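What follows is each chain in one-letter form.
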Amino acid sequence: MFLCFSLLLAALLSWGAASAGEVAPAASDCPVADDGFYPALPAPAQDIPWNRWLLDCVPPLRHERGGRWPLVFWHGPQWEGVSDADLEAYAARGMVPTVRLVTEDIPRAQRLQHLGLPVIALEGKGRGWPYDQAGDAKLWALDLPPNANIPDWWRREPDPLRLDLWARAADRIRSVLRAYQAAGVTLDAAWLDYEGQPSVQDYQALLAAPKARAKIPAAALATPQAFFAYRRQLWIQLMSAYVAAPIREFYPSASVANWIHLLSSPEHPVLSWDNWKHPDLSATLFTATNPADYGIDIAFQNTWPAGREPDRASVDRAYMHILLRESSADAENRALKAPYLHAVPWVARWVRDLDDRRTPVMSRAAYREALRHLWLRGTAAMQVFNPLRSSHPAESLAEVQDAVAVYDELLAWRDLLDHGEVMNYQVPGPEDQGLLWSGLRTADTALVRLYPLGENAPKSLDLAIWPGQRVVLQVSASGTSYRIERAAAGEQPRVLPLSGATSGSH
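Residues numbered from 1 in each chain as written. Predicted model: local features only at pLDDT ≥ 70, side-chain atom pairs only at ≥ 80, totals over all residues. Heavy atoms only, no water.

What to know about the sheet that holds strand 11 (residues 421-422)
We apply this condition: By definition, two strands form a pair when at least two bridges between them are found by DSSP. Under the scheme used here, helices are H or I runs from DSSP no shorter than 4 residues and strands are E runs no shorter than 2 residues, and both carry numbers assigned from the N terminus.
Spatially, the 5 strands line up as an open sheet ordered 11-12-13-16-17, and their pairing is antiparallel. Every other strand in the sheet has two partners, leaving strand 11 and strand 17 (494-497) as the edge strands with one partner each. Bridging between strand 11 and strand 12 (residues 435-441) involves 2 bridges; their strand directions are antiparallel. Following the sheet pairing, Val-422 is matched in strand 12 by Leu-440.

Okay, here's the thing in structure tokens:
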């Protein structure tokens, strides 16, 4: 009994120390990200010692990862000159380098496997893939009139139903995986970033192409909105048949996900960055969904009221809405339609796509808070979008530090992450100043996080954790976490505030 109490006390203290959100002391030459309202971009940096930064500036995890996935980064540990000791040191920090679906990466996959680390494939494909495999655009592009006064880029739009080119892509994937298997490599996951056509097919260009247009159902071409739904559903089906299926032929147990493949429904639609509702998207041969929970300027500009002067609290609230809405809707749809799927979202605090305007950035404290709630809404793993740009390398490192810090916090409750039921899917509106809460529960234990979105937010939450067992949870200005233990019939649940877990600062 004393041992059990001691272990529980240690976990509570560990969570409290971790969720204070403080970055552990690091080497003096570690760059510090600008956390200002409009972060300044320093002069271009030279000779960025990225791999050393990851080891010197990111502390090891304090909690065991167990069988959970490590974090994956767009710009994670780089392979050049990395020793096995380095790979193990990265793993101790909750990260592993990834491989590509190319035969040249087989030795890297073998090294990971030899060290007992998961082999995770991550690679990207651009707008023209897989149609551009045919070479000259004249061999695969839309059949547009040769002398028509049309934009030149329309002539690089593909005929979307050239399925022979999708079949060629699938055969190439099979060829690579055949070599992986021959080398004794087990691919544990393929979390891909294939963002190609026809997911962004141009409607007007297709209408101008008689032969390509004739292959598309008339109802799908009736309106731009009908076509946008059709192209998204078509793309998901093509990706399932020609990308997910070949991978699972060779590795049936692999976790397989791709960029913004998720579940949407009329009842719980997923909103895109321009606030367009995704059409009904159901389960496919992918085993995981892949929302994009980005603090991206496009979504902010489409959410922020025109003409309103931004302030820190309001900007953070708007981004909190943006970061939580895709994963929350996807999680609710998975629970209702396909509970056997897991979620591997992309996350990022600062994504810049608009060069023609200034856009305020979410604070690191609010971003870490958003990450906590994503973990408590059914996230199985995370991919962090942190492209290394020489103009602001500290921002790329900050993405790593923030993701690892919050991951470590939640690993203190690994059993709930593994087996807990999501308690709340509601997402605050972009101007909502109420109380945000998320939680996971099993038959006898729950973990709940509360965070006020404004000074006038409720100071407590009356919550039914299990049938007949209610608790009233108090919240501090910077957020509070609780562990709740189920009581016997007729008794009150035991509520344990996680001491020190109220700060979201960094």
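What follows continues from the structure just given.
Some words on the packing of aromatic side chains
Counted only if it meets this: Classification of ring pairs uses Phe, Tyr and Trp, with its six-membered ring standing for Trp, and accepts pairs whose centres are within 6.5 Å; under 30 degrees between planes counts as stacked, over 60 as edge-to-face, and the remaining range as tilted. Two thresholds decide whether a charge sits over a ring: the Lys NZ or Arg CZ must be within 6 Å of the ring centre and within 35 degrees of the ring normal.
All told, the structure shown has 20 aromatic pairs when counted by the stated rule. Here Phe-37 and Tyr-38 contribute two aromatic rings whose centre-to-centre distance is 5.1 Å and whose plane-to-plane angle is 85°, an arrangement assigned as edge-to-face. With 6.0 Å between their ring centres and 65° between their planes, Trp-259 and Trp-273 make a pair best called edge-to-face. Here Trp-259 is found in the loop between strand 5 (255-258) and strand 6 (288-289), whereas its partner Trp-273 is found in the loop between strand 5 and strand 6, with 14 residues between them in sequence. Aromatic rings pair up to connect Trp-74, Trp-259, Trp-273, Tyr-294, Trp-346 and Phe-385 into one cluster. If you follow Arg-358 out to its NZ or CZ, it ends over the ring of Tyr-38, 3.8 Å from the centre.

Quick word on the sheet that holds strand 9 (residues 346-351)
Let me state the cut-off plainly: Note on contacts: a residue pair is in contact if any heavy atoms of the two residues lie within 4.5 Å. Here an axis means a line fitted to C-alpha atoms, over the contact stretch when the element is a helix, while the angle between two N-to-C directions is reported on a 0 to 180 degree scale.
An order of 1-10-9-7 is seen for the 4 strands of this open sheet, with the pairing classed as parallel. With partners counted over all chains shown, the strands left at the sheet margins are strand 1 (72-73) and strand 7 (292-296), one partner each. By the bridge criterion, 4 bridges tie strand 7 to strand 9 in an arrangement that is parallel. Within strand 9, the residue paired with Ala-292 across the bridge is Trp-346. Of the strands in this sheet, strand 7 and strand 9 are in contact with helix 10 (residues 312-337), which crosses strand 7 at around 165°. The strands touched by helix 11 (residues 364-375) within the sheet are strand 7 and strand 9, with strand 9 carrying the most contacts at an inclination of about 165°.

Examining the pairing of strand 16 (residues 480-485)
Rules: Burial status follows relative accessibility: with a 1.4 Å probe on protein chains alone, a residue under 20% of its type maximum counts as buried, one over 50% as exposed, and anything between as partly exposed.
Extensive coverage of strand 16 is indicated by the burial of 6 of its 6 residues. Side chains of strand 16 alternate between two faces, with Thr-480, Tyr-482 and Ile-484 and Ser-481, Arg-483 and Glu-485 buried alike. Pairing of strand 13 (residues 445-452) with strand 16 involves 6 bridges; the strand directions are antiparallel. Residue pairing for strand 16: Leu-447 is matched across the bridge by Arg-483.

Some details on the nonpolar core
Grouped burial of nonpolar side chains is what soluble globular proteins tend to show. This is how it is decided: Buried Ala, Val, Leu, Ile, Met, Phe, Trp, Tyr and Cys residues form a nonpolar core when they are joined through side-chain atoms within 4.5 Å.
Leu-101, Leu-187, Ile-247 and Tyr-294 are the most contacted members of the largest nonpolar core, which has 131 residues in total. Sort the elements by how many residues they give to this core and helix 8 (residues 224-250) lands first, with 11 residues. Excluding anything up to four places from it in sequence, Leu-187 contacts Leu-101, Val-119, Ala-121, Leu-177, Ile-247, Tyr-251 and Ala-254. Counting residues in each nonpolar core, the second largest holds 15 residues, with Leu-450, Val-471, Leu-473 and Tyr-482 among its members.

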